[in-house]
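# Examination of the molecular architecture
What follows is the residue order along each chain.
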Amino acid sequence: MSAPTRDQKMTVEEGVADLRVAPSTFYRWRQLGKGPRSIKLPNGDVRIRRSEYERWLAEREDAA
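Fair warning: this is a prediction, and the values are worked out from it, not measured in the lab.

Conventions adopted
Residues numbered from 1 in each chain as written. Predicted model: local features only at pLDDT ≥ 70, side-chain atom pairs only at ≥ 80, totals over all residues. Heavy atoms only, no water. Pairing = 2+ DSSP bridges. Helix = DSSP H or I, 4+ residues; strand = E, 2+ residues; numbered from the N terminus. Contact = heavy atoms within 4.5 Å. Axes fitted to C-alpha atoms, helices over the stretch in contact; angles between N-to-C directions. Core = buried A, V, L, I, M, F, W, Y, C linked by side-chain atoms within 4.5 Å. Buried < 20%, exposed > 50% of the residue type's maximum accessible area, 1.4 Å probe, protein only. Salt bridge = Lys/Arg side-chain N within 4 Å of Asp/Glu carboxyl O. Phe/Tyr/Trp six-rings, centres within 6.5 Å; stacked < 30°, edge-to-face > 60°.

This brings us to the sheet that holds strand β3 (residues 46–49). Taken together, the three strands give an open sheet; going across it, the order is β1-β3-β2, and neighbouring strands pair in antiparallel fashion. Of all the strands in the sheet, just β1 (9–11) and β2 (39–40) have a single pairing partner and so form its edges. Contacting β1 and β3, helix α3 (residues 50–59) runs over the sheet at an angle of about 70 degrees to β3.

This is the structure:
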């Protein structure tokens, strides 16, 4: 298995496991426009670019 790259696509399951939140929380954030930008596939599945996920997390870091 290769190392993850910044352009790799993450599943919602991978994202919520990393954040330790429920899938419903992620989808609520998405609905409210507060989650990371994501890609909705024709079959309804959602993917998140790793680079977008990392950018989104960095924006939420405390400055303190």
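Ranked by size, the top nonpolar core spans seven residues in total: Met10, Val12, Val16, Phe26, Val46, Ile48 and Tyr53. Those residues within four positions of Ile48 in sequence are excluded, and the remaining contacts are Gln8, Lys9, Met10, Thr11, Phe26, Pro36, Arg37, Ser38 and Tyr53.

Here the focus is the pairing of β3. Look at any regular strand and the pattern is simple: side chains alternate between the two faces of the sheet. Residue alternation in β3 divides its side chains into a buried set, Val46 and Ile48, and an unburied set, Arg47 and Arg49. Examined bridge by bridge, β1 and β3 share three bridges and lie antiparallel to one another. If you follow Thr11 over to β3, its bridge partner there is Arg47.

Now for unusual backbone geometry. Phi angles above zero are rare outside glycine, and Arg20 is one such case at about 60 degrees. Mapped onto the elements, Arg20 comes out in the loop between α1 (12–19) and α2 (23–32). On the basis of relative accessibility, which here comes to 77%, the residue Arg20 falls in the exposed class.

Let's shift gears to the pattern of salt bridges. The final tally for this structure, using the stated rule, is five salt bridges. Note that Arg47 is salt-bridged to Asp45, the shortest N-O span being 4.0 Å. Residue Glu59 pairs with Arg60 through a salt bridge whose shortest N-O separation is 3.4 Å. Accessibility expressed as a relative area gives 52% for Glu59, which makes it exposed.

Below, the discussion takes up the packing of aromatic side chains. Counted under the stated rule, the structure contains three aromatic pairs. Judged by centre distance (5.6 Å) and plane angle (80 degrees), the ring pair of Phe26 and Tyr27 falls under edge-to-face. For Phe26, a relative accessible area of 2% translates into the label buried. Seen in terms of ring centroids, Trp29 and Trp56 are 5.7 Å apart; in terms of plane orientation they differ by 45 degrees. Their pairing is tilted. A residue pair is termed long-range when its members are at least 10 positions apart, and Trp29 in helix α2 and Trp56 in helix α3 qualify at 27 residues. For Trp56, a relative accessible area of 5% puts it in the buried group. Members of the aromatic cluster, joined through ring pairs, are Trp29, Tyr53 and Trp56.

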